[in-house]
Amino acid sequence: MEQGAVQLNRQAFFCAICLDLLKEPVTLPCGHNYCRVCIQSHWDRQVQCTCPQCRQVHSPRPVLHVNTMVAELVEQMRTEFQYNTMDPETWRQQILHSIQVKEAEQQRLQQEALSLRRCADETIKHSEERFSSFVRVLESVHCDVSQNIRTLQEKEEAKMKQIHDQLGLEVTELKNTLFEAAPETLQRHLPPSAHTPRTYSLPLGYFEQAKSAVTALTDLLQSTLTEGLQNISQGFTQGQPSTRPQPGPPQPEPKTRAEFMNYAREIILDPNTVYNMMTLHKGNRKIMRMNANYRLLNIYPDHLDRFSEYEQVLSRDGLTGRCYWEVKWEKLRVVLAVSYQDIKRKGDSEDLSKRIGVYLDHSAGVLAFYNIEDQTMSLIHRVQTTFTQPLYVGVRLDLLDDTAYFPKLR
């Protein structure tokens, strides 16, 4: 009875057309199973689509889909049949082949483990070298800043000592005059300098500027390191779905400030481009124009990208796609612009609101400047052109104590 049931089950997985185990089995609406190719060929030769076993007519012609459950059962049965009918020598050869395949896979995995260890060691060595170099740069910058501060201190102390010694000589002279001259001639012998005492003002503003610049630099390093660490961590994450937005149909140009905010972009200024009489603050989102004495502090080291003639700075990142940013400025005159990265930085070449909005659609070649009052925007100037490179935000401060600030919009 048990053997008969097994035989019956096997026969159920044979195609009634080719009389072989089902290949890509499909199930008709009447419930009978056939090979996909067999039933399609059978119907191609018939006027009507009927089941070869029960003769039921299927109209219109059914769309055939592989029955995955039946396919798995047939595959298991085919494997079992092959093993049951295999002679001992063939069986032995199959086992030996399986052993060879698995041993080869073991060797491959051992080699890949060695390659993995070697790559990891090289990456760690590279990381150690780069971080050690970075630490040395930081130490060098710290030494340079400290040396500049000490140089200014020594210069001012020498100036103070000179004034102090001169005042001592004048005091001695006055004392001699007081005790040696006759009372009626005392007024005649009074030195002119006695009525105009020398004064000295401590240059504490320079040190405050230095502290602000160092704070801005360390804030930039901290934010850059945090962002870089996130990028490194993402590199070790595998199998995660991409979060990059997929391109969609073209969107109309925004009209209201709320619509512009959908394209808000945070602007970070690049300390490697800032002119040496300017200082960055608030995570390199604020720029301030200082006086000529600020140049003595040399807070920002020499760099090929630095502007040498005008008080200008560019953003750290190039802009493409659709972007919107705003600029708040104070004092008298601030120049706002966008530029290609290869702008000339060396040598000489030559009535807005207090808050300006800038909109860029790089692919469409649109650049527009807006005056912002509360939530109301009014167009100042609009450019329609073709951009061939990413654009960098630029700021120029013409007068002492002018400032420009790129606020976070979201």
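Residues numbered from 1 in each chain as written. Predicted model: local features only at pLDDT ≥ 70, side-chain atom pairs only at ≥ 80, totals over all residues. Heavy atoms only, no water.

1. Comments concerning the pairing of strand β6 (residues 322-330)
Bridge analysis of β6 against strand β8 (residues 355-361) gives seven bridges, and the strand direction is antiparallel. Of the residues in β8, the one forming a bridge with K328 is R355. Pairing geometry for β6 and strand β12 (residues 403-405), over three bridges, is antiparallel. Each bridged residue has a counterpart across the sheet, and for E330 the counterpart in β12 is T403. (Pairing = 2+ DSSP bridges. Helix = DSSP H or I, 4+ residues; strand = E, 2+ residues; numbered from the N terminus.)

2. Some remarks on the confidence of the model for the protein
Do not read the fine detail of predicted coordinates wherever pLDDT is low. Per-residue confidence for the protein averages 78 on the pLDDT scale, and 79% of its residues sit at or above 70. Across residues 1-8, confidence stays below pLDDT 50; counting only partners more than four residues off in sequence or on other chains, it has zero contacts. Note on residues 238-248: pLDDT is under 50 here. Beyond four places in sequence and across chains, it has zero contacts. (pLDDT = per-residue confidence, 0-100. Contact = heavy atoms within 4.5 Å.)

3. Side note on the packing of aromatic side chains
As enumerated under the stated definition, the model contains four aromatic pairs in all. Taking the centre distance of 6.3 Å and the plane angle of 65° together, the rings of Y263 and Y359 count as edge-to-face. Sitting above the plane of the Y405 ring, K282 keeps its charged end 4.7 Å from the centroid. (Phe/Tyr/Trp six-rings, centres within 6.5 Å; stacked < 30°, edge-to-face > 60°. Lys NZ or Arg CZ within 6 Å of the ring centre and 35° of its normal.)

4. Let's talk about the sheet that holds strand β7 (residues 334-339)
Two modes of strand pairing occur in sheets, parallel and antiparallel, and in both the strands are linked by backbone hydrogen bonds. Overall, antiparallel pairing links the three strands, which are arranged β5-β11-β7 in an open sheet. Strands at the two margins of the open sheet, each flanked by one partner only, are β5 (312-314) and β7. The mean angle between the axes of side-by-side strands here comes to 20°, regardless of whether they run parallel or antiparallel. Note: β5 against strand β11 (residues 392-397), three bridges, orientation antiparallel. (Axes fitted to C-alpha atoms, helices over the stretch in contact; angles between N-to-C directions.)

5. Quick word on helix α2 (residues 36-44)
Of all the residues in α2, the buried ones are C38, I39, H42 and W43. For α2, the angular spread of the buried residues around the axis is 125°, confining them to a single face. Along α2, exposed side chains directed more than 90 degrees from the buried face belong to V37 and D44. (Buried < 20%, exposed > 50% of the residue type's maximum accessible area, 1.4 Å probe, protein only. Arc of directions from axis to C-beta.)

6. Thoughts on the pattern of salt bridges
Here the structure, examined in full by the defined rule, presents twelve salt bridges. Of the charged contacts, one joins R61 and D44 as a salt bridge, the two residues approaching to 3.1 Å between their closest N and O atoms. Here R61, found in the loop between α2 and α3 (68-84), pairs with D44, found in helix α2; they are 17 residues apart in sequence, far enough to count as distant. Accessibility expressed as a relative area gives 40% for R61, which makes it partly exposed. According to the relative accessible area criterion, D44 is exposed, its value standing at 56%. The closest approach of N and O atoms between D165 and K161, which form a salt bridge, is 2.9 Å. Here the residue D165 and the residue K161 both occupy positions in helix α4 (residues 88-180), the gap between them amounting to four residues, near one helical turn. D165 gets classed as partly exposed once you look at its relative accessible area, which sits at 36%. (Salt bridge = Lys/Arg side-chain N within 4 Å of Asp/Glu carboxyl O.)

7. Some points on unusual backbone geometry
In this structure, the amide linkage connecting S59 to the following residue, P60, adopts the cis form with an omega of 0°. Position of P60 relative to the elements: it lies in the loop between α2 and α3. Even without being a glycine, L19 presents a positive backbone phi close to 60°. As for its position among the elements, L19 is in the loop between α1 (2-11) and β1 (25-27). The phi torsion at E24 lies on the positive side, around 50°, for a residue other than glycine.

8. Here we look at the state of the cysteines
Counted according to the given criterion, the structure contains zero disulfides. Looking at C18, it has no disulfide partner, and the nearest cysteine sulfur is the one in C35, 3.9 Å off. Assessed through its relative accessible area of 32%, C18 is described here as partly exposed. Considering cysteine sulfurs only, C51 is the nearest to C30, which forms no disulfide, with 3.7 Å between them. Take C30: its relative accessible area is 21%, and that puts it in the partly exposed class. (Disulfide = S-S within 2.5 Å.)

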